[in-house]
Amino acid sequence: MLFFSYAKYSHPSVFHLLINMSKRDLIRKEVSALYEEGAKLAIAFQKKEGEQFHYAYQRWYTKALKVVASLAPDRHAEFRGYYEVDPKRKSLGYGTFVIQDFLKGVVPNQFHYPDFDSHSQALACFFNQLTIFKAIAERIDSVLSDIEGELYADLQDSEIVIARQLLKVSRRAAGALVGVVIEGHLQKVASAHGVKLTKKNPTIADLNDPLKAASIIDTPTWRKISFLSDLRNLCSHKKASEPTKEQVEELILGAEWLTKNIF
């Protein structure tokens, strides 16, 4: 599956580049197709038709488990719980029987459960898994938006950390990097609020005024961003005077505050 092959990448900037609208469409289709595959398998299992359930279900579960872990970690344990035997289980019955029991041919004591139908119980567990998966498929856009937002925030944090390290080597380079972080964040804020920009590649100043005009930021924040813009320009443009360590540190602190407080 396309989306879950991304797991091999560890840096958040890679994820941020990969999760765009075209990738979203592919992810949405993959999740939908996997749900349909599971639904057809459940119907065939209910009717006791089709290929051997043991093999088909294991293939589906392996793929579905990765989806749930990636897109709905809060439901991951519950999803696994319908398949996997609880190591703390003290008895086997209606409330503790799971799909793994069915695949292994394990059933409760017939003396205590003379009418126990392992097929029906396994099917009920499978349907519960499909219900969870359906819920994920229905909120895929919001889930991916949340992931993208989190990854973007991680990327900003990483770049600020790098800027602090660069400060030991080059004050200008550190300031220029932080300036890019500020510009990117303000562009994201403008986009989130539908603020129209006149320039294709706006600077901090080009973003600051429209945000204030749209009442997204107040006057004190506008003044603070203007000050950060001046510091960024001092770092990015060759001038007679070099930026001081204190000025770049102030720019870094300003970027850190901005990315955590202005949305």
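Sequence order as written defines residue numbering, which begins from 1 separately in each chain. Per-residue local features of the predicted model are confined to residues with pLDDT of at least 70, and side-chain atom pairs are confined, for both listing and counting, to 80 or more; whole-chain, interface and lining totals are unaffected and use all residues. With hydrogens and water excluded, all non-hydrogen atoms of the structure serve as input to the side-chain values.

Digging into the pattern of salt bridges
In the sections that follow, a salt bridge refers to a side-chain nitrogen of Lys or Arg positioned within 4 Å of a carboxyl oxygen of Asp or Glu. A complete count under the given rule lists 9 salt bridges for this structure. Among the ionic pairs, Arg75 bridges to Glu78, the shortest N-O distance being 2.8 Å. Remark: Glu78 and Arg75 occur in helix H4 (residues 73–81); sequence separation between them is 3 residues, near one turn of the helix. With a relative accessible area of 34%, Glu78 lands in the partly exposed category. For the purposes of this entry, the term helix denotes a DSSP run of H or I that reaches at least four residues, the term strand denotes a run of E that reaches at least two, and both are numbered from the N terminus. Each residue is placed in one exposure class: buried if its accessible area under a 1.4 Å probe, protein chains only, is under 20% of its type's maximum, exposed if it is over 50%, and partly exposed if it falls in between.

Notes on the packing of helix H8 (residues 171–192) against helix H9 (residues 204–213)
Between two packed helices, both the angle of their axes relative to each other and the distance between the axes serve to describe the pair. At a closest axis distance of 9 Å, the pairing of H8 and H9 adopts a crossing angle of 30°. On the basis of the axis angle, H8 is roughly parallel to H9. H8 and H9 meet at a crossing whose hand is left-handed. Touching Gly179, Ile182, Glu183, Leu186, Gln187, Val189 and Ala190 of H8 are Ile204, Leu207 and Leu211, all from H9. When residue character is reported, Ala, Val, Leu, Ile, Met, Phe, Trp, Tyr, Cys and Pro are called nonpolar, Asp, Glu, Lys and Arg charged, and the others, Gly included, polar. Among the residues forming the contact of H8 with H9, the class breakdown is 7 nonpolar, 2 polar and 1 charged. Every axis corresponds to a line fitted to the C-alpha atoms, with the helix fit spanning only the stretch in contact, and the corresponding angles, defined between N-to-C directions, vary from 0 to 180 degrees. Orientation is classified from the angle alone, with under 35 degrees giving roughly parallel, over 145 giving roughly antiparallel, 65 to 115 giving roughly perpendicular, and any other angle giving oblique. Helix crossings fall into two classes, left-handed where the near helix is turned counterclockwise from the far one by less than a right angle and right-handed where it is turned clockwise. Here, residues are in contact when the closest pair of their heavy atoms is within 4.5 Å.

Some points on the packing of aromatic side chains
Note on aromatic contacts: the rings of Phe and Tyr and the six-membered ring of Trp form a pair at centre separations within 6.5 Å, being stacked when their planes are under 30 degrees apart, edge-to-face when over 60 apart, and tilted otherwise. Applying the stated criterion to the full structure yields 18 aromatic pairs. Summarising the aromatic geometry, the rings of Tyr94 and Tyr113 are spaced 5.5 Å apart at their centres and angled 70° between planes, so their arrangement reads as edge-to-face. Of this pair, Tyr94 sits in the loop between H4 and helix H5 (99–104) while Tyr113 is found in the loop between H5 and helix H6 (118–138), placing the two residues 19 residues apart along the sequence. With relative accessibility at 44%, the residue Tyr94 sits in the partly exposed group. Owing to a relative accessible area of 27%, Tyr113 belongs among the partly exposed residues under this scheme.

Re the confidence of the model for the protein chain
Summary of the metric used: pLDDT quantifies the predictor's per-residue confidence within the range 0 to 100. For the protein chain, the mean per-residue pLDDT works out to 84, and 85% of the residues sit at or above 70. Under a pLDDT of 50 for its full length, residues 2–19 has, in the predicted model, 35 contacts with residues more than four places off or in other chains.

Examining the environment of Ser70
Relative to the helices and strands, Ser70 is located in helix H3 (residues 53–71). Ser70 sits in the partly exposed class, given a relative accessible area of 34%.

Let's talk about helix H11 (residues 245–261)
If you check H11, its first and last C-alpha atoms are 24 Å apart, about what 17 residues at 1.5 Å a residue would give, namely 24 Å. Among all positions in H11, only Val248, Leu251, Ile252, Gly254, Ala255, Leu258 and Thr259 are buried. The buried residues of H11 occupy one face: seen down the axis, they fall within an arc of 160°. Across from the buried face of H11, at angles greater than 90 degrees, the exposed residues are Glu246 and Leu253. By this rule the span expected of a helix is its residue count minus one, scaled by 1.5 Å. Note that the arc is computed from the directions linking the helix axis to the C-beta atoms.

Describing the nonpolar core
Residues belong to a common nonpolar core when they are buried Ala, Val, Leu, Ile, Met, Phe, Trp, Tyr or Cys residues joined through side-chain atoms within 4.5 Å. Phe53, Tyr57, Trp60, Phe126 and Phe133 are the most contacted members of the largest nonpolar core, which totals 35 residues. Contributing elements (two or more residues each) for this core: helix H2 (21–46), H3, H5 and H6. If one sorts the elements of this core by residue count, H3 sits on top with 9 residues. Those residues in contact with Phe53 that sit more than four places away from it in its chain are Leu41, Phe45, Gln58, Phe102, Leu103 and Phe126. Residues Leu167, Val178, Leu186 and Cys235 belong to the second largest nonpolar core, which totals 24 residues.

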